[in-house]
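Descriptive analysis of the structure
The chain contents come next:
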Amino acid sequence: TIGTYFFRFKSPQGFPPIDSAPFTVFPGVSAQLFLLTEPTTAPPTAPLSQQPVVAVRDAGGNVVTSDSTTLLTASLTTISLAGSEEGTAPAVLRSANTYTMGLQT
């Protein structure tokens, strides 16, 4: 996990403990996108009441806050389950809009 740490060494013979110098663990390079917050449904033409929030994680699962160069493409799609029973048929893509933006850090 990202943060500042030190090692503490103890002896069972009763010597006083000693600490190492502090060191910091920094995030690695960007490895994957993930949703911090899932969007919610909304009526047509209304904004989503809960907007999606996307972040970047490194290979260790830490949120990368130093990446200001990665571009993110989000596709807003409309699906329809028309003609299916209980929504069991595959969804049919009706339209798609694509947006490209930079990640904010």
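Provided above is the structure to which this section pertains.
In what follows, the accompanying structure is described. (Residues numbered from 1 in each chain as written. Predicted model: local features only at pLDDT ≥ 70, side-chain atom pairs only at ≥ 80, totals over all residues. Heavy atoms only, no water.)

Counted according to the given criterion, the structure contains 3 aromatic pairs. Measuring from ring centre to ring centre gives 6.3 Å for tyrosine 5 and phenylalanine 23, while their planes differ by 35°; the resulting arrangement is tilted. Pair noted here: tyrosine 5 is in strand β1 (residues 3-5) and phenylalanine 23 is in strand β4 (residues 23-25), with a separation of 18 residues, a long-range link. The partly exposed category is assigned to tyrosine 5, whose relative accessible area is 33%. For the pair phenylalanine 7 and phenylalanine 9, a centre-to-centre distance of 6.2 Å together with 35° between the ring planes defines the contact as tilted. (Phe/Tyr/Trp six-rings, centres within 6.5 Å; stacked < 30°, edge-to-face > 60°. Helix = DSSP H or I, 4+ residues; strand = E, 2+ residues; numbered from the N terminus. Buried < 20%, exposed > 50% of the residue type's maximum accessible area, 1.4 Å probe, protein only.)

For the structure on display, the rule yields 1 salt bridge. Here arginine 8 ties to aspartate 19 by a salt bridge, and the two come within 2.7 Å at their closest N and O atoms. Taken together, the residues span a long stretch of sequence, with arginine 8 in strand β2 (residues 8-9) and aspartate 19 in strand β3 (residues 18-19) at a distance of 11 residues. The class of aspartate 19 is partly exposed, set by a relative accessible area of 41%. (Salt bridge = Lys/Arg side-chain N within 4 Å of Asp/Glu carboxyl O.)

From the geometry alone we can't say anything about function, so treat these as descriptive.
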